Amino acid sequence: ESTPGIFRSEEVCLSQLFLQSEAAYTCVAELGELGLVQFRDLNPDTSSFQRKFVSEVRRCDEMERKLRFLEREIKKDQIPMLDTGENPDAPQPREMIDLEATFEKLENELREVNQNEETLKKNFSELTELKHILRKTQTFFEEIHKQRDGPVTARASASTSSTHDREPLINVEDEVHVPGELFRQIFGYGRLTLGSYRRTGGGDSMQGAAGPGDVIIADPAADAETMELTGGGGAGGGSMFANFGFVAGVIQRERIPAFERLLWRACRGNVFLRHSEIDDVLNDTATGEPINKSVFIIFFQGDQLKTRVKKICEGFRATLYPCPDTPAERREMSIGVMTRIEDLKTVLGQTQDHRHRVLVAAAKNVRMWLTKVRKIKSIYHTLNLFNIDVTQKCLIAECWCPVDALDKIRMALKRGTVSGLQEESGSTVPSILNRMDTTEAPPTYNKSNKYTIGFQNIVDAYGIATYREINPAIYTMISFPFLFAVMFGDMGHGTVMMLAALFLILKERQLEAARIRDEIFQMFFSGRYVIFLMGAFSIYTGFIYNDVFSKSLNIFGSSWRNTIPPAELEKHYEFPETPLMLLPENYTQASPYPFGVDPVWNLAEANKLSFLNSMKMKSSVILGIGQMTFGLILSYFNHKYFHSDLDIKFMFIPQMLFLSCIFIYLCLQIITKWLLYSAVGGTVLGYEYPGSSCAPSLLIGLINMFMMKSREAGFVGEDGKVSWGCSNNLWYPGQSFFETVFVLIAIACIPVMLFAKPYFLWKADKERRESGGHMQMSTAEMVLVIVAVVQIPIMLFVKPLLLWRRNKKETATRESVRADMNGGDSEAEVVHHEPKTNGGGGGHGHGDGPVSTVGGEGKGAQFDMGDVMVYQAIHTIEFALGCISHTASYLRLWALSLAHAQLSDVLWTMVFRNAFAQDGYVGAIVTYLLFFAFFFLSISILVLMEGLSAFLHALRLHWVEFQSKFYGGQGYAFAPFSFERILEAEREAEEA
Amino acid sequence: MAEFFFNIDHGYLEALVRGFKGGILTQADYANLVQCETLEDLKLHIQSTDYGNFLANEPGAITVQVIDERLKEKLVTEFTHIRNNALEPLATFLDYITYSYMIDNIILLITGTLHQRPISELISKCHPLGSFEQMEAIHIASTPAELYNAVLVDTPLANYFVDCINEQDLDEMNVELIRNTLYKAYLEDFYGFCKQLGGTTAEVMCEILAFEADRRSIIITINSFDTELSKDDREKLYPRCGKLYPEGLAGLARADDYDQVKQVCEYYSDYKALFEGSGNAAGEKTLEDKFFEHEQVKLNVHSYLHQFHFGVFYAFIKLKEQEMRNIIWIAECISQRHRTKIDNYIPIL
């Protein structure tokens, strides 16, 4: 009964836990460390915020938020976080309060520091901005001043040329108001210089700013007035601005164009803006992100314009700063600002030091704290699943746990109770674990380790095993890499693959610690053991195929000898037209090549492929039927384990008979033919065997077997002549009898598979109901279903049978091809019919024997004949047709192996071999270069691409051809409450 | 033909938006939300929905204000992502969606300025989808002409504003007129744009926009009774792209009271149904609610039944907006302990 864990999933039982409310927390903590218990939600109808421990969960959320905040701050300062990966115990509930207090304190401290820092930084950036303003305005004022001192020459030289520039602008602006003229007076020189800048294409940042100004001053009547003013007001630039108001400020650089445009529009061109970029990158005080800013200065006249300008500045989030009028004041202010900046720098430095110290201290613990908080949170989440006893004295939990681990769980509970009750003296009632009976299917729990997990994943990807059914993973461990290798067989490529996997295996600790999140890498890494085995098996099959990068190894010395005498060869040189035949009959003495394929086949260009194809095809069929038979045998163990006599008698036995009568018989024929029929004639199985031309044809033989065709016995007729088409003749005594019997048995199996089980189920149900139940299905329905189901074998067999009879009457020719056509016909019909029956079946899918019986009997509620019948019909058709199509499907082993061999051959002849055609130094260089091409293509196409395709085909062979014979896959995975899993999941979510 | 090439340019975004739409709260979620006792409960429940941890990093107590901000922020993030990845003509289509928010923002700012509220306070109330660069400088304008010349002329709304330019002062009546004129121009423009896109987009969007236009006409008419708005002025505000155009609108223009409006709408089967069973009595849904429901359930949700068109983007924004209104409504009811009307949200789907 209790098979070792690896063959079936662990036995899991439903248990009830009674936990003292004081000890519940610690008990769950212990169970979380153990990670072997899956809790069930006992209050599924209660929404998440109405549960008992919701406030604790909320507190944990809050703590997590604080920790995230801390972590963010730590990352911002680029302080390394200590992550030893240590696993602290879940803290006691009272420790939670301490933790909360610690975090609260830390957060407050940090927030305070941050706030201080922010204010300081804000001050600092304001001062810096002010500094820049003062500096820029200074240069700006100075510029004007300079031009005022020596204006005449500049103007005289520039005015002639610049009038051309101005010409088109003259009529643009008619609404030049008085202030405009005043600007012109002030900035007249500035414009000229700017004009010349423009001509030389100078990239001064001021150039753009001159846009609006340029238009205003485009007045031809400028000169006289300017002269006046220059004459009068030579005292200095600063005093000039007494007439105007101006504001200076700082604005984000990218907002300048819009700002400028709006200013221009809103003030009808009556303001003048100049701006200049601040070269230093400033930091945004709130977010700390770097931003580029510009200094601007706006001149205007009148209070109305002033309010308007200020409003616009406000609208564009520009900060305005006071800026004194005279240079002296500005200088003074500038000095003051500089000293204040220096002061601030020291204060800021101290604040940052303080912050840094706080963070460094926190960084040591933050990961550990996070682990602790997550543990607490998961414990309360689990406690929320529990039922609370009315007396409030204990919590009741229901859980699935492996029977093997019950003792461990009891121990954990004991530990939890002891530590939980330490302080609450008095009550020492132990926690109780009670096994419960249930009709519900327990979860499937397959133990796995790092080696088996890869294969278990391959199986689970198809569907989680039904509870306690045979776990195919253990067989997959060998059969999967082997079938892969049959398709991939090449020693060279296998070695590459194995070494790559070996590297991953040897470096597995470092690689795991590196936590590389790349999906493709993860795929290879988690499958490293699978890949390793695939590589190793490929070396083995490559050895059998005698294939290394499409070349052969002559290890044992080829057994082939030249059978043509040297004299005849000499003659051949003289008369090349006379063909030379290497007849196998002539070649008798030596033994075959000891292991695998004789290397000489690699040189046999004409018939290498036909030899390898025949060999690989036949071995594919043998391997395939072997695996299917094995799958069928596993189904027997499943039926036996689930005590389903009915399934053994009416499912397994007819299926096995069907398979052996047709397909295992075929395999035996293949092997017999290999063993007994050689090139040389003789007496084989009591018949005279003339030679290889008469070796029995297995394919035609199989078709004839179904056709029950009468054939001649033996290869040689009574007259001693070899009969025509001798390969189709009967080749052992009693063959036609045996074959007829086999076919009849196989056909007889079909109705047994189809009707026996439903009939017995129906009978049993009827007996159960005899006492007084009502029939679920009306008689009419019943009749219809049976009529419909009877159609299937009729459709399958009647037409071929009639055709066969007519055929037999009409002619006795050896045409056997038609059988094939008929076979195809009937198959097509069934395929057409299948969807109809499928529709009735509804969602049974791939479910296998154990599922239906366990499900049907377990629930024991209602017996639906229609359902059972339809399900059975689908299953029978699937099996009978499946045997044929699956056998054919295994031929992919041959096809892929052929493709692989051919591709690597092409790569060798088309790429690398060219290198050897060259001689001397050129040859060396070409070899060197072509090697890389060859190597790169080998890796990318043959190892990676072909490997992937062979992998997928192997996957398919296991999922469809192998597992469909016995695997239900209707279970659900065991998901224990485990800190390890929870923390890992959180971690992954964090990294994503 | 357009269907064949739709996915090349817009397939990713359509898939994305359909995914977003899958995260819209269901009836069951609402049923849970209304059970919440405090905003903390609400936060806890909303964590289990598609909103996820959007409130997880909020220090201190949750307020309705914070929820509203975060909801908007999430919508804006999603919208910006879509907008940034959009190719023409989807990009323009998405821009059109934001125009209506821009109109709302402008009106909000002007009204706020009229009432002497500080601009910073007003800015925080603006919908982030409709923000534009010059927005904050709106308060410098005192007449529509100034508003147009100084501020709006650079925005995409400039074309819509041309009809509103006059030298009158901005007072409340005028602001309302501006809003409706802008909306009218906007809807007609958007309608024309969708029509010109053709295909399924035109089919779906014109239906939605036509309804929106008619809804506005009807609401304007009903709200204009007993105000100083003249019938001529009123008629100028009707968007002329709905099903009511032209006969229905002419009827509405002549209407003097609610019953006459109802009478006009009797001729249109869609609107007839909406007028029936609406009213202000307890237990009855107001006409506005009815309109909303029709827009949500009938039009926006149904737009997801078609494929290869832009309507899903519009519908997503509108549905999400309705959902935000619902959440805020529920949150307000919870925080004000005013539970009697908590069920007055409009469920989607």
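All values reported here derive from a predicted model rather than from experimental measurement. What you see as residue numbers is a count from 1 along each chain, following the sequence as written. The naming scheme follows written order: chains are lettered A onward, ligands numbered 1 onward. Since the coordinates come from a predicted model, pLDDT governs what is reported: local features require at least 70, and pairs of side-chain atoms require 80 or more to be given and counted, while whole-chain, interface and lining totals use all residues. The side-chain numbers reported here are obtained from all heavy atoms of the structure, hydrogens and water having been left aside.

A short note on the UniProt feature "transmembrane region" (unreviewed entry) in chain A
Residue and element names in this part refer to chain A. UniProt records the feature "transmembrane region" (unreviewed entry) for residues 482–506, 527–545, 619–637, 657–677, 689–707, 741–762, 782–804 and 921–945 in the present numbering. End C-alpha to end C-alpha, residues 527–545 measures 26 Å, and it is 95% helix and 0% strand. Strands are runs of DSSP state E lasting at least 2 residues, helices are runs of H or I lasting at least 4, and numbering of each runs from the N terminus. Between the end C-alpha atoms of residues 689–707 the distance is 25 Å, and the span holds 53% helix and 5% strand. UniProt positions are given in the numbering used here, feature names are shortened, and annotations may be inferred rather than shown by experiment.

Here we look at the pairing of strand E3 (residues 245–252) of chain A
Residues and elements named next belong to chain A. Classification of residues uses two cut-offs on accessible area relative to the type maximum, computed with a 1.4 Å probe and protein chains only: under 20% is buried, over 50% is exposed, and between them is partly exposed. Among the eight residues that make up E3, six are buried, leaving the element largely enclosed by the rest of the structure. The pairing criterion is simple: DSSP has to find at least two bridges between the two strands. The pairing of E3 with strand E7 (residues 293–300) spans eight bridges and is classified as antiparallel. By the bridge assignment for E7, Gly-245 is matched with Phe-300. One ladder, built from three bridges, connects E3 with strand E8 (residues 319–321); its direction is antiparallel. Paired with Ala-248 across the two strands is Tyr-321, which belongs to E8.

Some points on the pattern of salt bridges
All names here are of chain B. For this document, the term salt bridge refers to a Lys or Arg side-chain nitrogen within 4 Å of an Asp or Glu carboxyl oxygen. As enumerated under the stated definition, the model contains 57 salt bridges over all chains in all. Two residues, Glu-207 and Lys-243, come together in a salt bridge whose shortest N-O distance is 3.4 Å. Taken as a pair, Glu-207 in helix H10 (residues 199–224) and Lys-243 in the loop between helix H11 (231–237) and helix H12 (247–254) lie far apart in primary sequence, 36 residues in all. Given a relative accessible area of 36%, Lys-243 falls into the partly exposed group.

Points about unusual backbone geometry
With an omega dihedral of 0 degrees, the bond running from Glu88(B) to Pro89(B) counts as a cis peptide bond. Checked against the element boundaries, Pro89(B) lands in the loop between helix H4 (64–85) and helix H5 (90–114). With an omega dihedral of 0 degrees, the bond running from Tyr245(B) to Pro246(B) counts as a cis peptide bond. With respect to the secondary-structure elements, Pro246(B) resides in the loop between H11 and H12. With a phi angle near 45 degrees, Phe549(A) is a residue other than glycine that sits in the positive phi range. Inspection of the secondary structure assignment puts Phe549(A) in the loop between helix H18 (528–545) and helix H19 (566–574). Judged by relative accessible area, Phe549(A) falls into the partly exposed class, the value being 25%. The phi angle at His643(A) is positive, at roughly 55 degrees, despite the residue not being glycine. Within the secondary structure layout, His643(A) lies in the loop between helix H20 (608–641) and helix H21 (645–676).

Observations concerning the packing of aromatic side chains
All names here are of chain A. Here is the rule: rings of Phe, Tyr and Trp (six-membered ring for Trp) pair when centre to centre is within 6.5 Å. Planes less than 30 degrees apart are stacked, more than 60 are edge-to-face, and the remainder are tilted. Scanning all chains against the criterion turns up 74 aromatic pairs over all chains. In this analysis the charged atom, NZ for Lys or CZ for Arg, is taken to sit over a ring once it is within 6 Å of the ring centre and within 35 degrees of the ring normal. Residue placement shows Lys-52 over the ring face of Phe-53; its charged tip is 5.5 Å from the ring centre. Above the ring of Phe-69, the side-chain terminus of Arg-111 is found at 4.2 Å from the ring centroid.

Digging into the side chain of Asn384(A)
Residue and element names in this part refer to chain A. The residue Asn-384 is located in the loop between helix H11 (327–383) and strand E9 (387–388) in this model. Accessibility expressed as a relative area gives 6% for Asn-384, which makes it buried. Whether two residues are in contact is decided by their heavy atoms, any of which lying within 4.5 Å being enough. For Asn-384, the contacting residues outside a window of four places in its chain are Asn-43, Arg-51, Lys-52, Phe-53, Val-54 and Val-57.

Points about the interface of chain A and chain B
With 26 residues of chain A at the interface, the matching set in chain B holds 27 residues. Once two parts are brought into contact, the accessible area they lose, counted with a 1.4 Å probe and summed over both, makes up the buried area. Surface buried jointly by chain A and chain B totals about 2400 Å² across both partners, of which 49% is contributed by carbon and sulfur atoms. Among the residues chain A hides against chain B, the three largest losses belong to Phe49(A), Arg58(A) and Arg265(A). Together they make up 25% of the total. The interface formed by chain A and chain B includes one salt bridge. A salt bridge links Arg58(A) to Asp41(B); the nearest nitrogen and oxygen atoms lie 2.5 Å apart. Contacts described as polar in this section are N or O atom pairs within 3.5 Å, which, within protein, must combine one atom able to donate a hydrogen with one able to accept it, while residues neighboring in sequence count only if both atoms come from side chains. Inspection of the region where chain A meets chain B yields one residue pair in polar contact (both at pLDDT 80 or more). Elements that contribute at least two residues to the side of chain A that touches chain B include exactly helix H2 (54–76), helix H3 (93–149), helix H9 (256–266) and helix H10 (303–315) of chain A. Per-element accounting of the side of chain A that touches chain B gives the leading share, six residues, to H2(A).

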